[in-house]
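Close look at the chain arrangement
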Amino acid sequence: MTSRSLLRLALAGAVAVGGFALATTPADAGKAAARQVPIRLLSLNDFHGHLEPPTGSSGRMVDENGQTVEAGGAAYVAAHMKRLADDNTIGVAQGDLIGATPLISAAYHDEPSVEFLGKIGVKVSAVGNHEFDEGYAELRRIMYGGCHPVDGCSPAGRWKGAQFDYVGANVLFKNRNERSTALDGLTSTPEARKLLSGWGVPALPPISIKWKNAVPIGFIGLVTQTTPGIVTAEGIKDLKFEDEVKAANLASRLLTILGVKAQVVLVHEGDQVNTGQSPDACSAIPGAGNRIATQVDPAVDMILSGHSHQAYKCVVKDPAGRDRLYTQGGSFGRVITQVDFQVDRASRDIVRSSVQADNHVVTRTIAADPEISQFVQTWKDRVAPVANKPIGRITADISNASTPTGETPLGNLIADGQLAATKTGGNAQIALMNPGGIRAPLTFAGSPAGEGDGVVTYGEAFTVQPFNNLMQVVTLTGAQLKTVLEQQFVGGPNGQPFQKILQPSANFTYTYSRGAAWGSKVSDMKIDGVAVSDTQQIRVAANNFLVGGGDAFAAFKDGTDVWSGPLDIDAFVAYLTANQPTTPPALGRITAVN
Ligand SMILES: [Zn+2]
């Protein structure tokens, strides 16, 4: 639905509800119960296209009893949504629904996942950083429909667009002269025009208003302001991402001007937790999510969050000192957050004391939804010829779990494959892979089919490397390469938020000191056993995300003579195919001292 039609609904409703308010007299005060209507929100975040039940640790969750149980899978999400939904329910989401997805979704630019989410009743979602993985233009296609400009229509035909509104109040165009349709219909009053004149040019609708039980509920979408540092620069080059609190407060005032008092923030930013806790515990460690939850305007009644893939249910104080709900529901469709509250029909505001929440684990012990099972099977059949193709063989599990130096066997394997794929065309001498781009382990048992013979299928390889990044090679001096490695560690002028150890190819070794100050941690860099000098020119292979300065590796942008090669997934597949059977690479490329 467009912003314009939303506004028309909002205004139509304002008249209707105003009528109720006029009819209410003090004599009716005793009928307080009848003057409140119940609303239920069912919320998901960070689904990441997991139509099939996720495997390994990605498919397990600690439940309310402290037991670790199998969780997730679209057909189970659908079954639990049906179980939990009533006539008062609005489905919502907090972003990263798409992007970094398994092949069943990614092969069709995530159209199957967005269609699924519409089918289960999601009506409005914040955008996440991963919604921008294929760029702003592709996000608009997902929102509004059309066939992919390169790959054409999917086997399901012309894409009709999302059946829910994507909102992002803090996503603006850099160019103030950019034409935007995001606010169409919202600037009809002088008050709104005045408010919005200072805002900049929104690239997405900032709010969505949904009516239920004759009351309007206003949803404000927000995405982490760190998005430019964690998605590929090219796709968002025209956009800027503003402070979440500032944008939320403007959007909240806009809702108030439109007469919408029941206000919910859907934010793709969140906090970490102490592990092993019940999803209903408030075990969140206050961070970027908590800042938003405590600082946005008191007119906002609750904060549903995402991004950190954790489950928590907290009550924080808003700036007016009132209790305010702050939740998150894990990731990969393993948790549904249920929020119940009453809305006063006269004031149209949420009765804050009535707000209750419950995180439900999406268990697989109830019957799967038959319609969604069939839907997933249809896409599974479509992608099967590609997904099930054996492309290699491994002798044992190859883990992506970090070791004390930050190296991982799978990261080392990927880096070796990247070097092999870029040596000839790009004259690469070493390769470096960002750890966040490795999304799953390679297991000997294999995919859910569990063939157990060490065969690696294309689908399994894709689950490890799902970004479709391009391999590139740049020239860095020895000094610049050292700066890149320093930027792995927390702090520094570019502000690395947490340690990210790049996975090196086998011929590159170095030492870092945990105790040394930022900027002098890295020493003893060697290529093929030969010491690297500051002025030496080195051809370094990495994906285009890193070369563009992603993950706060700003020094990569100093690279010169950029060469672009194959997709990272193609490099990985080619290496697995050429080296059968593949054994887990040894560690020891990085030495860490205290
Ligand atoms: Zn995210």
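Below is a summary of the structure that appears in this document. Note that the structure is a prediction, hence the values are computed from the model and not measured.

On to the overall build of the protein chain. Scanning the protein chain from terminus to terminus reveals 15 helices and 30 strands. Against the compact-globule benchmark of 25 Å for 594 residues, the protein chain has a radius of gyration of 25 Å, which places it among compact chains. Across its three principal axes, the protein chain shows a C-alpha extent of roughly 90 × 50 × 45 Å. Relative to its 594 residues, the protein chain shows a buried fraction of 55%. Contacts spanning at least 24 positions in sequence make up 77% of the contacts within the protein chain whose residues lie at least 6 apart.

Right, let's talk about the nonpolar core for a bit. Counting residues in each nonpolar core, the largest one holds 69 residues, and the members touching the most others are Phe-116, Phe-132 and Leu-442. With seven residues, the top contributor of residues to this core is helix H2 (residues 74-84). Every residue in contact with Phe-116, bar those within four places of it in the chain, is listed here: Phe-47, Leu-51, Ala-74, Val-77, Ala-78, Ile-372 and Phe-375.

On to the packing of helix H11 (residues 409-426) against helix H15 (residues 568-578). Axes are the key here: two packed helices are described by the angle between their axes and the distance separating the axes. Relative to each other, H11 and H15 sit at 100°, their axes nearing to 8 Å. Relative to H15, the element H11 is oriented roughly perpendicular. Taken together, the residues of H15 that come into contact with H11 (itself represented by Leu-410, Leu-413, Ile-414, Asp-416, Gly-417, Gln-418, Ala-420 and Ala-421) are Asp-568, Ala-571, Phe-572, Tyr-575 and Leu-576. Among the residues forming the contact of H11 with H15, the class breakdown is nine nonpolar, two polar and two charged.

Within the protein, the zinc ion binds to Asp-96 (OD), Asn-129 (OD1), His-268 (NE2) and His-307 (ND1); these donor distances fall in the range 2.1 to 2.3 Å. Donor residues binding the zinc ion come from one chain and are separated in sequence as D-x32-N-x138-H-x38-H. With Asn-129 in the loop between strand S5 (122-126) and helix H5 (136-144) and His-307 in the loop between strand S15 (302-304) and strand S16 (311-317), the pair connects residues that are 178 residues apart, well separated along the chain. Given the relative accessible area of 3%, Asn-129 is considered buried.

Let's shift gears to the pairing of strand S23 (residues 470-477). Summarising burial for S23: six of the eight residues are buried, a large majority. With four bridges connecting them, S23 and strand S29 (residues 560-567) associate as antiparallel partners. The partner of Val-473 across the bridge, within S29, is Trp-563. Strand direction decides the pairing type here: S23 and strand S28 (residues 537-543), joined by seven bridges, are antiparallel. Opposite Leu-476, over in S28, you have Ile-538 as the bridge partner.

Next up on the list: the pattern of salt bridges. If you walk through the whole model with that rule in mind, you get 21 salt bridges. In this structure, Glu-371 engages Lys-119 in a salt bridge whose closest nitrogen and oxygen atoms are separated by 3.6 Å. Remark: Lys-119 occurs in helix H4 (residues 111-119) and Glu-371 occurs in helix H10 (residues 370-387); sequence separation between them is 252 residues. Classification of Glu-371 as partly exposed rests on a relative accessible area of 47%. Here Asp-301 ties to Arg-352 by a salt bridge, and the two come within 3.1 Å at their closest N and O atoms. Placement of the pair is Asp-301 in the loop between helix H9 (288-295) and S15 and Arg-352 in the loop between strand S18 (335-344) and strand S19 (356-361), with a sequence separation of 51 residues. Given the relative accessible area of 2%, Asp-301 is considered buried. Taking relative accessible area as the criterion, Arg-352 reaches 12% and is therefore assigned buried. Through salt bridges that share partners, Arg-40, Asp-86 and Asp-340 make up one connected network.

So, about the packing of aromatic side chains. Tallying each qualifying case throughout the model produces nine aromatic pairs. Each ring, one from Phe-164 and one from Tyr-166, has its centre 5.1 Å from the other, and the planes form 70°; the classification is edge-to-face. According to the relative accessible area criterion, Phe-164 is buried, its value standing at 4%. Cation over ring: Arg-382 sits above Trp-379, and NZ or CZ is 4.4 Å from the ring centre. In this arrangement the basic side chain of Lys-500 is found over the ring face of Phe-498, its NZ or CZ atom lying 5.0 Å from the centre.

What follows concerns the state of the cysteines. Counted according to the given criterion, the structure contains two disulfides. The disulfide partner of Cys-147 is Cys-153, and the S-S distance across this bridge is 1.9 Å. Since a negative S-S torsion denotes a left-handed disulfide, the Cys-147-Cys-153 link at about 80° is right-handed. Since its relative accessible area comes to 22%, Cys-147 is described here as partly exposed. Sulfur-sulfur distance for the disulfide between Cys-282 and Cys-314 comes to 2.0 Å. Between Cys-282 and Cys-314, the S-S dihedral sits near 95°, and the bridge is therefore right-handed. Separated by 32 residues along the polypeptide, Cys-282 in the loop between strand S13 (272-273) and strand S14 (284-285) and Cys-314 in strand S16 bring together distant segments of the chain. By relative accessible area, Cys-282 is classed as partly exposed at 49%. Described in terms of the sequence order of its bonded cysteines, the disulfide pattern of the protein chain is 1-2, 3-4.

Parameters at a glance
- Numbering of residues starts from 1 in each chain and follows the order in which that chain's sequence is written.
- Only residues with pLDDT of at least 70 get local features here, since the model is predicted, and only at 80 or more are side-chain atom pairs given and counted; chain-wide, interface and lining totals rely on the full set of residues.
- Here the side-chain values reflect all heavy atoms present in the structure, with hydrogen atoms and water set aside.
- Each helix is a run of H or I in the DSSP string that is no shorter than four residues. Each strand is a run of E no shorter than two, and both are numbered from the N terminus.
- Radius of gyration: over C-alpha atoms. The globule rule applied is 2.2 Å multiplied by the number of residues raised to the 0.38 power.
- Burial here depends on accessible area, computed with a 1.4 Å probe over protein chains only, as a share of the maximum for the residue type. Under 20% is buried, over 50% is exposed, and the range in between is partly exposed.
- Every residue pair with non-hydrogen atoms within 4.5 Å of one another is taken to be in contact.
- Only buried Ala, Val, Leu, Ile, Met, Phe, Trp, Tyr and Cys residues count toward a nonpolar core, and they belong to the same one when joined by side-chain atoms within 4.5 Å.
- Convention adopted: a line fitted to C-alpha atoms gives each axis, helices being fitted over their contacting stretch, and angles between N-to-C directions are expressed from 0 to 180 degrees.
- With respect to orientation, any angle under 35 degrees is reported as roughly parallel, any angle over 145 as roughly antiparallel, any angle of 65 to 115 as roughly perpendicular, and every other angle as oblique.
- All amino acids are sorted into three groups, where Ala, Val, Leu, Ile, Met, Phe, Trp, Tyr, Cys and Pro are nonpolar, Asp, Glu, Lys and Arg are charged, and the leftover types, Gly among them, are polar.
- Here the coordinating atoms are restricted to nitrogen, oxygen and sulfur within 2.8 Å of the metal centre, or 3.2 Å for Na, K and Ca, and because water is not among them the sites may look incomplete.
- In this analysis, strands are considered paired if DSSP registers two or more bridges between them.
- Throughout this description, the term salt bridge denotes a Lys or Arg side-chain nitrogen within 4 Å of a carboxyl oxygen of Asp or Glu.
- Between the rings of Phe, Tyr and Trp (Trp by its six-membered ring), a pair exists once the centres lie within 6.5 Å; its type follows the angle of the planes, with under 30 degrees stacked, over 60 edge-to-face, and the other angles tilted.
- Remark: a charge is flagged as sitting over a ring if the NZ atom of Lys or the CZ atom of Arg is within 6 Å of the ring centre and within 35 degrees of the ring normal.
- Note on terminology: pairs of cysteine sulfur atoms within 2.5 Å are recorded as disulfides.

Limitation: the analysis is restricted to geometry and does not speak to function.
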